[in-house]
Structure formats: structure tokens, C-alpha cells
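Architecture at a glance
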Amino acid sequence: MSWGTELWDQYDNLALHTQKGIDFLDKYGNFVRDRCAIELEYASKLRRLVKNYQPKKKEEEDYEYTSWQAFRNVLKEIGDLAGQREIVAETLQAKVIHGISLLSKNLRDDRKKSLTEGAQLTHTLTNQIAALERAKRNYDKSYRDAEKSIENYQKADADLNLSRADVEKHKHNMTMKCQQSDDSKNEYANQLQKSNKLQQTHYETSLPEVFNRLQEIDEKRTKGLKEFIKSAADAESSVAPIIARCLEGIVKASESIDEKEDSLKVIERYKSGFTPPTDIPFEDLSKVDAESSNYSSQNNLGINNMTQKGTMGATKLKKRVGIFGIFGSNKEDFSDLPPNQRRKKLMAKIQEIQQKITQETAAYDGLVKMKGVYEANTMLGDPTTVDAQLNESGSRLEKLKSELKKFKMYLDAANNAQMMQHSPQQHRNMYNGQRSSRHSNGSGENEDGEDNPDDAGSLSRSASEGSVAQAQNGLNINNNGSSASPESGLGTSHTSLPGSGQGSANDNTHPEDMYYEAELLQPLGTCKALYPFDATSEGSIPMAEGEELQVIELDQGDGWTRVRRMCGASGWEEGFVPTSYIESTLYA
């Protein structure tokens, strides 16, 4: 079935139909464009929503609870959902809207060309029909004139009163009119034959070709709309698995909430570390003596120093850590916090300093490598330009190590104070009616609760004991007060800092003595060797193509990554490899 044979006389309707079809295609394109705008707006609002509900800095501690962590994971999944909506909009924009615009333009051009050709064919046929009508009118007029001239000649020939000249005149007029009638008849016949042939060609060949092209245009438009609708659905389907995984992630986040674990974390977060007060003894007013009066005043002092919630106030806390008064006057040791919270803050501070030491050490090692490269090839740079940066980095490292040592002493003091608080002797000293003349560590208090002058001796002993304990724990303190402990973040591949004061007691120190002993670092992920590497520089290790290693230190900007491999019974082997030679996969 074709339009050329079935709709041969519906030129105007076909022109209108094809125009409506292309307008409908443009309408669908506008629909997809508006949908893209909605998708992008939805994604933008989702991202803004996620950003507005991201944890604030003051709320970071609250996100240790599983419920808060689950909500943060939900925000992450919602952010991924927003990304998928953006992908849908981009796909619709690139494949559907652009395709519709291009197809609509081509269809309009083809339709205009076909309709112009059809109009020309129709105009030609119309002109031929008009010529046929004129020829017919001329033939009709000349035929009537010829009949009239014949009738006039016959009348003149029968009239005996007319002269022979008049009769010949009528005869000549008749002959001329008959000749004109014959010519008009032949012209009419020729125009009729030409019109019929043109009309046959017009309706059987020329115009059907135009209509068939219009049919192809309309079918192409319909097929294109079909493909565009399918492409829009495919754009949605392509992100459906990822959206499903996002929803699964949200469900998984909800399942990760553990109310019991959150309850334990509440205990861990707010537990003060103080012991509950013991029973208040009965005070017999009938036995008023000095001892009872002294007990009452001290008992009241102990009660007044308790907060309404049953925990020790800040004033009492400072007196309970009497021999550690060297830290009590400085708020950086968190001495104004309860024991448990104080230890927690100190451990967090120590961990933060250790991370800074690790980063600064990596930066220093990078500078050392750079200086070595410059010394090996002076064309690359002047080694002396790195000395100033090395000195600054070394100074920062010394300062960080000094802070690490200081906060470890704070932590030791907090642990000792906690042990003293939980001792039976401490409970007896609080509620036995009178204070002992000297604490278990040798320091004394007078009746006003102030430290005796001989506390200086106990402070010195305490500091000495702390130093000995730290030395036993592997904290080798140098002349500048810095520490070479494993917590400092310096491993066996990290050299000590020149000019930092280490080894000043002996200038003949061997190079082997300039390395720190490091504990086994936790791996940050794994990596796979993309190419073989032969270790040619100090601190690097070789690797074979395809070999899997553990990543223990990320690239600090110098192009090297620290890795570790298992060496059988001999233990672990650590060193640096080029970052561009490996493909890393970090743990989540």
C-alpha cells in the first residue's frame, strides 16, 4: 500500500499530515528537553541536600555511632543516585535531543523539496488544462461562426435579387469560417491529446513519486520517534543496576545499625573513670570531739567537691593528681577532663602527631632523594638549594618528636592517676575521716589540702621513673629531647636528620646508626607490578612484572611508593618502587 496510488488526489491532506508529524516529533523533543532539565534539577537538589546534611566538624565525634555512620552512608548513596540522574540527563541530551533536532531538520528539508516538486507538477497540469479549455472555447466559437456563414451563403445563393458578386462574397466568407473552424478543431484535438497524456503521467507517475517520498519521510519520522523513545528507556535502564546497588547500599547501611554497640560507645564516650562514692557514715552528734569535727569538715569538703551527677568536680580533680601538678596547670594535657576522657583525648593527640611525623618524614626523605639526584647530576639542579628545606623539615620533625614525647608523658601521668584512683588506699583516704600525712607516692598534703614543699623531691623521682619507664619501652631520648620511638613514624628506610643534634655526643657515628628501628606498619592496600623494576638506588627494592605487594606508604609527591613483600621465614622486606610502575588498590 502506497500513498501514490491510494491517495493520488489528497495532496493538500498529505502536506498537512506530514507537517503535523514533524511538529509532533519536535514536541517529543521538547518533552525530552524538559525532562532533562528536571533530571538535572533533581540531581542538583539531591547534591545540595547531601551537602547540607554532611557531618559538620563539631559533629565528627557523634559519627562514631553506627546510626550516624549509617546515615553518612545513606548520604553517600544518595549522592551516587544524583550522579546517575545526571548520567540519564546527559544521555538523553546527547542521543535523543540531538538526534531529534537533526532528524527534524532533515525531514523538513526533504518535505519542502517534495512539496515544491509536487506544486510544480500540479502547476504544469493546471496550465495544460487551461490551454485545453481555451482551445475548446476557440473551437466552439469558430464552429458556430462556420455554421452561420454556411447558412448565410445558402440564403444568398437562393436569393435571386442578389448580384453574383454578393453571392461570391458570402461564399468566400463561408470558406474562410469553415477553415478557421477546422483549424480550431485540430488545435483542440492536439491540446486534448497533450492534456490527457500529461494528466496520465501526472497522476500515474510524477505525483505518486512525490507522495511516495512524503510517505518515506513520514515513515522515517515515525521510525525515528520509535528509536528515540527506546533510547530514552535504555538511558534509564543503563543506570538501573547502579541505582539498585545504591538502594542496596542504603538497606545495608540500615542493617549496619547496632543499638547495643551504640550504647557501649555512649559509655565509652561519656564514662568519667571516677568510682561511685561510698556510703556516708553515720555522724553521732553526742560525741562531738576534735576527731569528729575534723572528719565532718573533711567529709563535707569531699561531698561539696562532688558534682550533682555524682562525679568529681574540676577542683577536686586537680587535687587528685597532686604529684602530676607539672601538667595540671597546662590545659593542653586535658587535665580539666575526667580520667577516661583525658586518656582518650591524649591518645588521639598522640596518634595525630604520629601521622604528622610520618608525613614530615616522607617529605624529608623526598628532599634527601632530590639532593642525592642533584649531587649525582648537577645539570638537574643545585644541591645547596635543598639544604634550607632540609633544615626546615628537620626542625619541624624535631618539634613534632618533642611534642610526641611530651604527650606520652601526659598519657603516662593520666594512667598513673587512674591507677591511684582505683586503689583501695585511695578509697580509704577519701572517707576514713582524716587524710594520711603522705600519699602512696611519697608526696604530702597539709590540712588545707595543699602540697608540702617536699613534693619537689617526689616530682623529681616521678619524672625520673617516667624517663626510665619510657627508656624501657623503647623511647630512646637524645640530647635534644627528641624520641626515636616506633611511634615517631620513622622506619628502617628513613635516615636521621642532619643537623638535628642527634649523635652530637659522638661525631664518629656510623651511617648504620642513623636509621630508626620501626615497628611493622599496617598495610594501606595492595598493588600489582605493571613492569619489572631493578633496584638501583638506596632504599628501593626490585620487583617482577605481575608481582603483588603490600602498600604501606603512599606517594608523597616524589614519584615513589613504599611497599612490602613476604620473604619466607626471614620476615618482611620493605622498600620504595616507582609509583608509575604499579597499580594500587587501597583498602576502603
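Preceding this section is the structure that the text describes.
All of the points below concern the structure found in this document. A quick note: this is a predicted structure, and the numbers were derived from the prediction, not measured. Within any chain, residue numbers begin from 1 and follow the written order of that chain's sequence. Only residues with pLDDT of at least 70 are given local features in this predicted model, and only at 80 or more are side-chain atom pairs given and counted; all residues enter the totals for whole chains, interfaces and linings. Side-chain numbers come from the whole structure's heavy atoms, not from hydrogens or water.

**Overview of the side chain of Glu77**
Helical segments are the DSSP runs of H or I of at least four residues, strand segments are the runs of E of at least two, and each set is numbered from the N terminus. Within the secondary structure, Glu77 sits in helix H3 (residues 66-158). Although Glu77 is buried, it forms no salt bridge, and the closest oppositely charged side chain is Lys76 at an N-O distance of 4.6 Å. By definition in these notes, contact holds between two residues if any of their heavy atoms fall within 4.5 Å. With residues up to four places along the chain from it excluded, the contact list for Glu77 reads Arg245, Cys246, Gly249 and Ile250. We call a residue buried when its accessible area falls under 20% of the maximum for its residue type, exposed when it is over 50%, and partly exposed in between, using a 1.4 Å probe and counting protein chains only. As used throughout, the charge tally considers Lys and Arg to be positive and Asp and Glu to be negative, leaving His and the chain termini uncounted. Any Lys or Arg side-chain nitrogen found within 4 Å of a carboxyl oxygen on Asp or Glu counts as a salt bridge.

**Quick look at the packing of H3 against helix H4 (residues 164-255)**
All axes here are fitted lines through C-alpha atoms, helices being fitted over the stretch that makes contact, and every angle between N-to-C directions spans 0 to 180 degrees. Between H3 and H4, the shortest axis-to-axis distance is 6 Å and the interhelical angle comes to 170°. When the axes of H3 and H4 are compared, the pair comes out roughly antiparallel. Residues were grouped as follows: Ala, Val, Leu, Ile, Met, Phe, Trp, Tyr, Cys and Pro as nonpolar; Asp, Glu, Lys and Arg as charged; and all remaining residues, including Gly, as polar. Its residues assigned to classes, the contact of H3 with H4 comprises 44 nonpolar, 26 polar and 20 charged. Any angle that is under 35 degrees is reported as roughly parallel, and any over 145 degrees as roughly antiparallel; angles of 65 to 115 degrees are reported as roughly perpendicular and all others as oblique.

**Thoughts on the nonpolar core**
Core analysis: the largest hydrophobic core is formed by 35 residues, its most contacted members being Tyr28 and Leu92. Those elements that place two or more of their residues in this core are helix H2 (11-52), H3 and H4. When residues no more than four places from it in sequence are discounted, the contact partners of Tyr28 are Val96, Ile100, Leu225, Phe228, Ile229 and Ala232. Core analysis: the next-biggest nonpolar cluster, separate from the first, contains 16 residues, Leu346, Ile353, Tyr410 and Leu411 among them. Joining through side-chain atoms within 4.5 Å is the link that ties buried Ala, Val, Leu, Ile, Met, Phe, Trp, Tyr and Cys residues into a set, and such a set is a nonpolar core.

**So, the sheet that holds strand S5 (residues 582-586)**
For two strands to count as paired, DSSP must find a minimum of two bridges between them. Spatial ordering of the open sheet is given by S4-S3-S2-S1-S5, a layout of 5 strands whose pairing is antiparallel. Both edges of this open sheet fall to strand S4 (572-578) and S5, since each of them pairs with a single strand only. Shown here is a sheet whose adjacent strand axes are inclined to one another by a mean of 40°, direction ignored. Here strand S1 (residues 525-529) runs beside S5; their pairing, made up of 5 bridges, is antiparallel. Looking at the pairing, Ala529 lines up with Ile582 of S5.

**Focus: the pattern of salt bridges**
Scanning the entire structure with this criterion turns up 29 salt bridges. Between Arg564 and Glu574 there is a salt bridge, with the nearest N and O atoms lying 3.2 Å from each other. With Arg564 in strand S3 (residues 560-566) and Glu574 in strand S4, the pair connects residues that are 10 residues apart, well separated along the chain. Owing to a relative accessible area of 2%, Arg564 belongs among the buried residues under this scheme. One network of salt bridges, in which partners are shared, links Arg35, Glu39, Arg85 and Glu236.

**Let's talk about the packing of H3 against helix H5 (residues 259-270)**
H5 packs onto H3 with a crossing angle of 115° between their chain directions and a minimal axis gap of 8 Å. From H3, Thr66, Ser67 and Gln69 reach across to H5, where they touch Glu261, Asp262 and Lys265. Its residues placed into classes, the contact of H3 with H5 shows no nonpolar, 3 polar and 3 charged.

**Observations regarding the environment of Asn196**
Inspection of the secondary structure assignment puts Asn196 in helix H4. Its relative accessible area of 41% is what places Asn196 among the partly exposed residues.

Read these as layout, nothing more, since geometry by itself doesn't imply function.
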